[in-house]
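# Structural features, examined
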Amino acid sequence: MKVLIVGANGQIGKHLVSFIQDHNDLEAKVMIRKEEQAASFKELGAETAVVDLEEDVQAIAKAAEGVDAIVFTAGSGPNTGADKTILVDLDGADKTMKAAEEAGVKRFVMISSFDTTREAIQSAPSSFAPYVAAKHYADEWLKSTDLDYTIIHPGALSNDDGIGKVNAASRVERNEIPREDVASVIVATLENDATIGKEFQVVTGTNSIKDEIDSL
């Protein structure tokens, strides 16, 4: 399976590319914003496509040509305003869905926020609410497509080393999770077609990643 990773230069994305390139049955193609970001991915043997998410659908669709799945793990980051949140986390996600349809790619894995319910929007601090709203609508739009989607809702992200143990279900108690383990969860999701049409929260827990993903 050839996988286009949108947001490959992010912290989860970098782990994911490395894991995929070490996998016997997966191959990474990375979508990055700047050519100078390509060197480390080329060293891993990954194909690169330089496309800004603020470009049009056709540019993203061109990057998606010839792949079997798309993982959307892009984000505007914590230091940008609501304008970039809308353009990347919402509009960028929507354009990537449309690009998948245009390129004939059915499998789509979305990395969302832990809780994107309407209640979460209303209870979020004012500075965080636009991000939650953007993720809410991106998730809802993905569920309305004909794509073979999975939506992953990770807990609070840390840069700790992954431990390979998680709890995953439609609802779990809020907790942290290393970005490295989120990348491993994405790989396990791609390996398991039974995750198609599902969304789940995932945090550090007590069971192996494979067992938790298999039990969804």
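For the structure given in this document, a descriptive report is provided here. (Residues numbered from 1 in each chain as written. Predicted model: local features only at pLDDT ≥ 70, side-chain atom pairs only at ≥ 80, totals over all residues. Heavy atoms only, no water.)

Along the chain, Thr195 falls in the loop between α7 (179–191) and β10 (198–204). Thr195 gets classed as buried once you look at its relative accessible area, which sits at 1%. For Thr195, the contacting residues outside a window of four places in its chain are Arg107, Tyr149, Thr150, Thr189, Ile213 and Leu216. (Helix = DSSP H or I, 4+ residues; strand = E, 2+ residues; numbered from the N terminus. Buried < 20%, exposed > 50% of the residue type's maximum accessible area, 1.4 Å probe, protein only. Contact = heavy atoms within 4.5 Å.)

Let us look at the pairing of strand β8 (residues 165–169). Alternating positions in β8 separate cleanly, Val166 and Ala168 being buried on one face and Lys165, Asn167 and Ala169 remaining unburied on the opposite face. Pairing of β8 with strand β11 (residues 207–208) involves two bridges; the strand directions are antiparallel. The partner of Lys165 across the bridge, within β11, is Ser208. Two elements, β8 and β10, share four bridges in a ladder whose sense is antiparallel. (Pairing = 2+ DSSP bridges.)

Read from one edge to the other, the open sheet built from nine strands follows the order β3-β2-β1-β4-β5-β6-β10-β8-β11, with strand pairing classed as mixed. Both edges of this open sheet fall to β3 (47–50) and β11, since each of them pairs with a single strand only. Across four bridges, the pairing between strand β4 (residues 69–72) and strand β5 (residues 107–111) is parallel. Across the sheet, residue Val71 finds its bridge partner in β5, namely Val109. Packing of helix α6 (residues 129–143) onto the sheet brings it into contact with β5, β6 (148–154) and β10, and relative to β6 it is tilted by some 155 degrees. (Axes fitted to C-alpha atoms, helices over the stretch in contact; angles between N-to-C directions.)

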